[in-house]
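Structural overview
One letter stands for each residue in the lines below.
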Amino acid sequence: MTATDRSLELVRTAAQAAADKLAHDVIAYDVSDVLSITDAFLLASAPNDRQVKSIVDEIEERLQKELGVKPVRREGDREARWVLLDYVDIVVHVQHSEERVFYALERLWKDCPQLELPADAKATRGKAAEHAALRTEEDDDAFGEPR
């Protein structure tokens, strides 16, 4: 069994929304063969809580406006470290970069096929590492240490 056309449409729209809000490392997996509760997982991350909220809000707004769907469940809003949007057909995970590294959901789903995403979403791959490197350089500069 593979993800339905509707699930793929939801994933692509959500991935584009996340990319538009500068999410890092957007990736999607077809989990339909291993889970009966959903077809796909979409993962995205951001370096701070405010951006996590912004990404989540954009995904919700875009899926509502363009495809007429609302999540049946939204969890993790208060802390904005890991927000889960459950659309039944897909589940969206938007994580703070630290949670993304710690929980490493990619390791759990690495055997599942990756889904094709819009070019903007693909371009987000590796952004978390770039951001971390820039922050390290800024910290070194702030403390007068050589690079």
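Described below are features of the structure shown in this document.

So, how was this worked out
Residues numbered from 1 in each chain as written. Predicted model: local features only at pLDDT ≥ 70, side-chain atom pairs only at ≥ 80, totals over all residues. Heavy atoms only, no water. Helix = DSSP H or I, 4+ residues; strand = E, 2+ residues; numbered from the N terminus. Expected span 1.5 Å × (residues − 1). Buried < 20%, exposed > 50% of the residue type's maximum accessible area, 1.4 Å probe, protein only. Contact = heavy atoms within 4.5 Å. Phe/Tyr/Trp six-rings, centres within 6.5 Å; stacked < 30°, edge-to-face > 60°. Core = buried A, V, L, I, M, F, W, Y, C linked by side-chain atoms within 4.5 Å. Axes fitted to C-alpha atoms, helices over the stretch in contact; angles between N-to-C directions. Parallel < 35°, antiparallel > 145°, perpendicular 65-115°, else oblique. Left-handed = near helix turned anticlockwise from the far one by under 90°.

A separate point is unusual backbone geometry. Phi at Val 88 takes a positive value of approximately 65 degrees, unusual for a residue other than glycine. Mapped onto the elements of the fold, Val 88 is located in the loop between strand S4 (82-86) and strand S5 (90-96). Located in the positive-phi region is Ala 104, a residue other than glycine, with phi close to 45 degrees. Among the secondary structure elements, Ala 104 is positioned in the loop between helix H3 (97-103) and helix H4 (105-109).

Let us look at helix H1 (residues 5-20). The end-to-end C-alpha separation of H1 is 23 Å, in line with the 22 Å expected for 16 residues at 1.5 Å each. Taken together, the buried positions of H1 are occupied by Ser 7, Leu 10, Val 11, Thr 13, Ala 14, Ala 15, Gln 16, Ala 17, Ala 18 and Ala 19. As for H1, its buried residues are in contact with strand S1 (24-30), strand S2 (40-46), helix H2 (49-67), S5 and helix H5 (119-122).

It is worth spelling out the packing of aromatic side chains at this point. Overall, the coordinates contain three aromatic pairs when judged by the stated rule. Taking the centre distance of 5.0 Å and the plane angle of 85 degrees together, the rings of Phe 41 and Trp 109 count as edge-to-face. One end of the pair, Phe 41, is in strand S2; the other, Trp 109, is in helix H4, and 68 residues separate them in sequence. For the pair shown, Phe 41 and Trp 109 are each scored as buried. Here Phe 102 and Tyr 103 contribute two aromatic rings whose centre-to-centre distance is 4.9 Å and whose plane-to-plane angle is 85 degrees, an arrangement assigned as edge-to-face. Using a relative accessible area of 63% as the deciding quantity, one classes Phe 102 as exposed. Through a chain of ring-to-ring contacts, three or more aromatic side chains come together here, namely Trp 82, Phe 102 and Tyr 103.

Let us look at the nonpolar core. Grouped together as the largest cluster of nonpolar side chains are 31 residues, with contacts concentrated most on Val 26, Leu 42, Ile 59 and Val 92. Only H1, S1, S2, H2, S4 and S5 provide two or more residues apiece to this core. Top element by residues in this core is H1. It accounts for seven residues. Apart from residues no more than four positions distant in its own chain, Ile 59 is found in contact with Ala 14, Ala 17, Ala 18, Leu 85, Tyr 87, Val 92 and Val 94. Counting 10 residues, the second largest nonpolar core, distinct from the first, contains Tyr 29, Val 31, Leu 105 and Trp 109.

So, on to the packing of H1 against H2. The geometry of H1 relative to H2 is characterised by a closest axis approach of 8 Å and an angle of 135 degrees between their N-to-C directions. Put simply, H1 runs oblique to H2. Here the hand of the crossing between H1 and H2 comes out right-handed. On H2, the residues touching Arg 6, Glu 9, Leu 10, Thr 13, Ala 14, Gln 16, Ala 17, Ala 18 and Asp 20 of H1 are Ile 55, Glu 58, Ile 59, Arg 62, Leu 63, Glu 66 and Leu 67.

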